[in-house]
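Remarks on the overall topology
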Amino acid sequence: HEAAERNLYPDAMDMLERVKEQHPEAVVAAVTNGRGDPLDMRETLRPYFSFTISGEDDGVFPHRKPHPGIFEATLDKYQRMVGHDLRQDDNKCWIHVGDDLANDVGASAACGAKAVWYKMVEDEEEDG
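Quick look at the structure, then. (Residues numbered from 1 in each chain as written. Predicted model: local features only at pLDDT ≥ 70, side-chain atom pairs only at ≥ 80, totals over all residues. Heavy atoms only, no water.)

The subject of this paragraph is the overall build of the chain. Helices and strands together make up the secondary structure of the chain, namely five helices and four strands. Going residue by residue from the N terminus, the α and β elements of the chain occur as α-α-β-β-α-β-α-β-α. Rg of the C-alpha trace for the chain: 15 Å, near the compact-globule value of 14 Å for 128 residues, within the 12% margin. Dimensions of the chain, computed from the C-alpha atoms along their principal axes, are close to 40 × 30 × 30 Å. (Helix = DSSP H or I, 4+ residues; strand = E, 2+ residues; numbered from the N terminus. Rg over C-alpha atoms; globule rule 2.2 N^0.38 Å.)

Below you can see the structure in the form of C-alpha cells.
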C-alpha cells in the first residue's frame, strides 16, 4: 500500500478533505475489483473512508464490477452501518466516482447511483 499512497491521483487528498468539511455526514467508501484498500493507507486515505468493498471479498466474489452484485453489497453494508436503505430514500443519494466508463459509470448508474466519470487530462492526451 505504500506504493499506492505515493501514486494517488493529483488533488485526491484536497478533494476528500473538502468533501468531509462540506459534508461531514457523508459516508465515503471504496468499491474495487482489486485488493487495494484505502483503510490500509494510514498516511493518506484512511481518515476519509468508512469502508471498502472488493470484488475479492467473501460474499461478493465473483461479482466484480461491472456486475450489479458488488454495488448491491456496498449498499447493503451502508444500510447495516447507517440503519437505512438508500434504495428506499428519495431524500438522499449515492454517488459513485470512477475512472472507467463501463465498469464504474455505466454499471453504478444502472444500479441507481449518480455516477461521475473522473478522466484525467493526461488520459485524454494519451488517447490522442
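Quick look at the side chain of Ser-108 now. Here Ser-108 is to be found in helix H4 (residues 101-110). Note on Ser-108: relative accessible area 0%, which makes it buried. When neighbours within four sequence positions are excluded, Ser-108 is seen to be in contact with Phe-71, Trp-94, His-96, Ala-113 and Ala-115. (Buried < 20%, exposed > 50% of the residue type's maximum accessible area, 1.4 Å probe, protein only. Contact = heavy atoms within 4.5 Å.)

Structurally, Ser-54 can be placed in strand E2 (residues 51-54). Look at Ser-54 and you get buried, because its relative accessible area is 6%. Only 2.5 Å separates the side chain of Ser-54 from the backbone oxygen of Gly-34, close enough to count as a polar contact. Ser-54 has contacts with Thr-32, Asn-33, Gly-34, Val-60 and Ile-70, leaving out every residue within four places of it along the chain. (Polar contact = N/O pair within 3.5 Å; in protein donor to acceptor, adjacent residues only side chain to side chain.)

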